Amino acid sequence: MGKFKFVIILIFLLLSGCTSSSYASYDVPPTAIDGKLDLYDWHWDQILPLNGEWEFYWDELLYPEDFNASRTATNFITLPRAWNNYVVKDKKLPGFGKATYRLLIQHSSDEILAIKIPRIFTSYNLWANQELIASAGDIDINNHKPQYLPQIQYLNTDAKNIELIVQVTNLSHRSGGILESIQIGTADQITERRIRNLTLELFLFGCLFIIGLYQLALYIFRTKDKSTLYFGIYSLFISARTLIVGEIFFIHLFPSFSWEVAHKVQTLAYYLGIPLIFLFLRETFPKDTSNNIYKVIKVMTIVSISLVFFTPARIFTYFNPVYQVYSLIIFAYISYFACVLCYRKRDGAYLICFGLMSLILTTINDIVFLSIVVADTDNHFLRNIITKGNLSSWGHLVFVFTQSLLVAKRFSKSFSNVELLKEQLQSSNRNLEEKVKERTLALETSKEELKEAYTTVSRSEKSLQDLMQNISHDLRTPLSSIKGYTNAILDGIVNEPKQQKNYLKRVIDKVNHLNYMVQELFDLSQLQSRQLKLQLTPISVKWLIENLSEKYHYDMMNEDVNFTVSNTDYYSEHEPSSFFVKVDIQRLERVFSNLLNNALKYTPKNGTITLNFKIDIDNRELLVEISDSGIGISKEDLPYVFERFYMASKSRQTTNKSNGLGLAIVKEIIEYHQGSIWVESKKKHGTSFFFTLPIYQDSLEKVYSYNLEEV
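Residues numbered from 1 in each chain as written. Predicted model: local features only at pLDDT ≥ 70, side-chain atom pairs only at ≥ 80, totals over all residues. Heavy atoms only, no water.

Chemist: Would you mind showing me how to read the overall build of the chain here?
Modeler: Assigned secondary structure in the chain consists of 18 helices and 22 strands. Within the chain, the fraction of its 711 residues that count as buried is 45%. Relative to all contacts within the chain whose residues are 6 or more apart in sequence, the contacts with residues 24 or more apart total 74%. Looking at the chain as shown, the accessible area adds up to about 38,500 Å², and 56% of this sits on carbon and sulfur atoms. (Helix = DSSP H or I, 4+ residues; strand = E, 2+ residues; numbered from the N terminus. Buried < 20%, exposed > 50% of the residue type's maximum accessible area, 1.4 Å probe, protein only. Contact = heavy atoms within 4.5 Å. Areas by Shrake-Rupley, 256 points an atom, 1.4 Å probe, with all protein chains shown as cover.)

So, in C-alpha cells, the structure goes:
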C-alpha cells in the first residue's frame, strides 16, 4: 500500500509540473473584444495568447487593402476554436471552406515584438500591418495545399497599432480554422520559448528513439520474449510522432514533405499505440489480461488502420472522435488492469502502474485538448482546466523509462539468481544448524511483513466503517423515530385520535427532514461534480450589499440576538456602483442563509451576529465576513467543518435538525463561483466565517444600469 501511494504522489507531481500556468502574476490576461486588443497596460514580462473575439469573414480571402472605413465587421469568432458549427447568417459552418480573421492590437511597447504562430488548419497567410510575414501551404481554393508549419515572426513596432490579418483555407481536415492560440511577446521571450520547445522535443525524440532501438536489440538476442519487440516498435512510432507534433521540427527540415503522409504517420502512431501497449502487457502478464478485450482491440485496430491507409485525411479525421471515445474506454480497462497487478503484487507491477498512469493521464489531457467538444465551442470550461497539449510525449517517456527499469530489474534479478545458486552450491556442506537459523530469520522477517500488512488492512477497514457510520448516522435516527411512532399507533399504545394525529404529524416532520437531507445530498453531489449549471448574472456590488443587508436585517428582527451590518471600509475607500460580481443570486442567498442560520444556532440570547463587507482592490475580490459571539469551535475541529456529515464537538450540536451538509454545500457554491472560504474560531470566543467573490469593473453602460428589476 505504501508503494502504491508513492506512485500516486509521483504521478500528481508530474502532471502538476506539466500543466502549470504561465500567467500566475495576472488574474485575468487581457483578451480581444470586438476585434480589438488593448495592450497599453500590459507589462510585457511574459508571453500573451491573442485570445478573444477576432473579426471573422466567412468564405472570403481578404487582403489588407480590402479593409477600409466602409467595411464593418458583423461576425466575431472567439479564438482559439475551429470554425466548425460556428453560426453565420443562421447557418452552422462546415469544416471545409475559407475565411479571413482580423485583429487590431494597440500597444505602447518600445521593444521588438514577435508572434509565435501554431499549426493552423490547414493552410494560411498572415499579414502584419499590410506586410505578408508568414505562410504555410497554398490557400488558393482551386489549388489548395495543406501544411502545418509552426513558426515565429518579428513585428515592426514603429506604429503603436498592429493589424493582424490571417487568411485560412481548409479542404483536407475535419476541422478548420485556428484551433490553438497565437502568442505575442518580446522577441527574446518568443525566441526563448521556441528554442526551449525544440530542445525538449528533440530530447524526447532522442530518448524514445534510442530506447526503441535498444528494445529491438534485446528481441534480436532473445526472440522468445516478444514483449521487447512490441515495446521497441511502440517507442520508435512515438519517437517519430514527436517530430511531427508541437513545433513540428521535421517539416522545418523537409518543407516539401507531404502533409497527407505526415498526418497519416501521426495518426497511425496514435492508433497503433493502444494495441502495441496491450500486446506488451499481454506478453509481460499473460495470466492477467482478458482475451475478449484483446479480440475487441484487434478488430478495432484493423478497422482504424485500414481507414488511415485507404482514405485521405479529410475522411479519416471524422473517425478521430470515435477512436478517442474508444481510447478512453480502453484506458479505463488498462487502469483497472494496473490496479489488479498491484493488488496481486506481480513482479514489477508498481513500476508498470506508474508508467501506465502517467501515459494514460497525459494522453487523456491531449485527447480533451484536441477533442471536438472543446475545439468546436467558444470558451469551453475545459479550456480552463486543460491548458496545454502534447503532454502525452512526456507520458510516453515516463512509460518507456519505467519499462526499461523493469527490464534492468529482471536482468539484475537473473544475475542475482545465478549468484545465489552459486552461493547455495558452495554452502551445501554447511551444517544444518546454520540453515535452520537462516530459515528461522526468514520466517521472522515474513512474520513482520505479514503483521505490517495486517495492520494496514485493519486501518483501511476501520476507515471504511467510520465512513459508513457517518453516512448512515443522520438517516438512522429519523427512521428509528418514524418506526417508533408508527408502532405506537399500530400496537394500540396510542389510541386516542388526537394523540394519533399528533404522532402522525411527527412522522410527517421526520419524513420531511429525510426528504430535505436527501435533497441536500443530491445538491451537494451535483455541486461537487459540477453538473449543476449556475445562472450567472452581473450584479452591482452596491445593490448586492444593500439588498442583502436589508433582507437579513428584517429576518433577524424576530430573533433574540443583536444583528449588525458593517461596510464602512468599503464605502470609505471605493465607489460601490463601479464594481460588479457575476453570481447565481439564488445560490448566493443560500450561502448567506446557511451561514447566518449556523451563526444564529450557536449564538446565545442577546449575543451578537455581524455581517461585514469589504473590497480588496489589489486582489480584485469582495470579502464577506459573518461572525458571531457564540460558543466557538475547538482548534482540532476547525480543519473539518466543511466536510460532509462532519459534526463538530458535542457542545455545538444544539439541534437534531442539523445534518452536517450545510457548510459542505456553502463551500462548493463559493468555489463554484471561483471564490474561497475559510473559518476562524476560538473556543468560547465566537466564530467568523470568511468568503471571497471575484469583482469586475466594466465601463459599459448596459452593465452600469443593471438593477434589481433586471435581476
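Chemist: Sorry if this is basic, but what is going on with the packing of aromatic side chains here?
Modeler: Aromatic rings in a pair are described by how distant their centres are and how their planes are angled relative to each other. Going through the model one piece at a time under the given rule, you end up with 32 aromatic pairs. Just above the ring of Y294 sits the side chain of R282; from NZ or CZ to the centre is 4.1 Å. Positioned above the aromatic ring of F96 is the side chain of R314, whose terminal nitrogen or guanidinium carbon lies 4.4 Å from the ring centre. (Phe/Tyr/Trp six-rings, centres within 6.5 Å; stacked < 30°, edge-to-face > 60°. Lys NZ or Arg CZ within 6 Å of the ring centre and 35° of its normal.)

Chemist: Just checking my understanding: could you explain unusual backbone geometry for this structure?
Modeler: Both trends apply: most residues other than glycine have a negative phi, and most peptide bonds are in trans. Note the cis peptide between L79 and P80, where omega equals 5°. Secondary-structure assignment places P80 in the loop between strand 4 (76-79) and strand 5 (81-82). With an omega dihedral of -5°, the bond running from F121 to T122 counts as a cis peptide bond. Phi angles above zero are rare outside glycine, and K89 is one such case at about 55°. Its place among the elements puts K89 in the loop between strand 6 (87-88) and strand 7 (91-92). The class of K89 is exposed, set by a relative accessible area of 76%.

Chemist: Is there a simple way to explain a negative patch on the surface in this structure?
Modeler: A contiguous patch of negative charge, built from E444, E448, E449 and E452, is present on the exposed surface. With respect to the helices and strands, the residue E449 is situated in helix 12 (residues 432-490). Here E449 falls in the exposed class, since its relative accessible area comes to 51%. (Patch = residues over 30% accessible without salt bridge, like charges linked within 9 Å, V, L, I, M, F, W, Y side chains within 5 Å. Salt bridge = Lys/Arg side-chain N within 4 Å of Asp/Glu carboxyl O. Lys, Arg positive; Asp, Glu negative; His and termini not counted. Charge placed at Lys NZ, Arg CZ, Asp CG, Glu CD.)

Chemist: Looking at this model, I keep getting lost on the sheet that holds strand 20 (residues 621-628). Mind explaining?
Modeler: Strands in a sheet are paired, the pairing made by backbone hydrogen bonds, and the direction either parallel or antiparallel. Spatially, 17-19-20-22-21 is the arrangement adopted by the 5 strands of the open sheet, whose pairing is mixed. Strand pairing shows two members of the sheet lacking a second neighbour, strand 17 (561-566) and strand 21 (677-681), which therefore form its edges. In this sheet, adjacent strand axes meet at a mean angle of 15° when their direction is disregarded. Taken together, the 6 bridges between strand 17 and strand 19 (residues 607-616) define a ladder with parallel strand orientation. By the bridge assignment for strand 19, S566 is matched with N612. Its contacts with the sheet put helix 14 (residues 541-556) on strand 17, strand 19 and strand 20, and the angle it makes with strand 17 is roughly 170°. Along the sheet, helix 16 (residues 585-601) makes contact with strand 17, strand 19, strand 20 and strand 22 (687-694), crossing strand 22 at roughly 170°. (Pairing = 2+ DSSP bridges. Axes fitted to C-alpha atoms, helices over the stretch in contact; angles between N-to-C directions.)

Chemist: I tried to follow the confidence of the model for the chain on my own but got confused; where do I start?
Modeler: Low pLDDT means the predicted atomic positions in that stretch should not be read closely. Here the chain averages 79 in pLDDT, and 80% of its residues register 70 or above. Here residues 462-470 is modelled with pLDDT under 50, and outside its nearest four sequence neighbours on either side it reaches 1 contact, counting other chains as well. (pLDDT = per-residue confidence, 0-100.)

Chemist: Is there a simple way to think about the environment of G348 in this case?
Modeler: With respect to the helices, strands and loops of the structure, G348 is situated in the loop between helix 8 (320-344) and helix 9 (349-370). A relative accessible area of 6% places G348 in the buried class. Distance in space between the C-alpha atoms of G348 and L405 is 9.0 Å, their sequence separation being 57 residues. Look past the residues within four positions of G348 in its chain and what remains in contact with it is L406 and K409.

Chemist: How should I be thinking about the side chain of N594 in this particular structure?
Modeler: Along the chain, N594 falls in helix 16. The buried category is assigned to N594, whose relative accessible area is 17%. In this structure N594 touches G662 and V666, once residues within four positions along its chain are discounted.

Chemist: Hey, could you run me through the sheet that holds strand 9 (residues 113-117) in this one?
Modeler: Taken together, 4 strands build an open sheet; the order of strands is 2-15-9-12 and the sheet is antiparallel. Of all the strands in the sheet, just strand 2 (48-49) and strand 12 (151-155) have a single pairing partner and so form its edges. Pairing of strand 9 with strand 12 involves 5 bridges; the strand directions are antiparallel. Counted as the bridge partner of K116 is I152 from strand 12. Taken strand by strand, helix 2 (residues 187-221) contacts strand 9, strand 12 and strand 15 (183-186), and its axis lies near 120° from that of strand 15.

Chemist: How do you make sense of helix 6 (residues 291-310) when you look at a structure like this?
Modeler: A turn of α-helix holds 3.6 residues, and therefore any two residues three or four places apart point the same way. Its 20 residues give helix 6 an end-to-end C-alpha distance of 29 Å, which sits within 8% of 28 Å, the value for a rise of 1.5 Å per residue. Those residues of helix 6 not exposed but buried are I297, M300, T301, S304, I305 and V308. All buried residues of helix 6 lie within an arc of 130° about the axis, which places them on one face of the element. Of the exposed residues in helix 6, those oriented more than 90 degrees away from the buried face are N292, K295, V299, I302 and F310. (Expected span 1.5 Å × (residues − 1). Arc of directions from axis to C-beta.)

Chemist: Could you clarify how one ought to interpret the pairing of strand 13 (residues 161-170) in this entry?
Modeler: Where a strand is regular, its side chains alternate between the two sheet faces. Counted residue by residue, strand 13 has 9 buried out of 10 residues, so it is predominantly covered. Of the strand pairs in this sheet, strand 8 (residues 97-107) and strand 13 are connected by 10 bridges, and their pairing is antiparallel. Directly across from L104, in strand 13, lies its bridge partner E163.

Chemist: Whenever I open this one, helix 3 (residues 227-242) confuses me. Can you help?
Modeler: End to end, helix 3 covers 23 Å across 16 residues, agreeing with the expected 22 Å (1.5 Å per residue, within 8%). Listed in full, the buried residues belonging to helix 3 are S227, T228, Y230, F231, G232, Y234, S235, I238, S239, R241 and T242.

Chemist: Any chance you could explain the packing of helix 5 (residues 259-284) against helix 8 here in plain terms?
Modeler: Each pair of packed helices gets described by two things: the angle between the helix axes and the distance between those axes. Interaxial distance between helix 5 and helix 8 falls to 12 Å at its minimum, and their mutual angle equals 20°. Judged by the angle between their axes, helix 5 and helix 8 are roughly parallel. Of the two possible hands of crossing, helix 5 and helix 8 adopt the one that is left-handed. Between helix 5 and helix 8, the contacting residues are T267, Y270, Y271, I274, P275, F278 and L281 on the first element and N320, Y323, Q324, Y326, S327, I330, F331, Y333, I334 and F337 on the second. Looking at the contact of helix 5 with helix 8, its residues break down into 13 nonpolar, 4 polar and no charged. (Parallel < 35°, antiparallel > 145°, perpendicular 65-115°, else oblique. Left-handed = near helix turned anticlockwise from the far one by under 90°. Nonpolar A, V, L, I, M, F, W, Y, C, P; charged D, E, K, R; others polar.)

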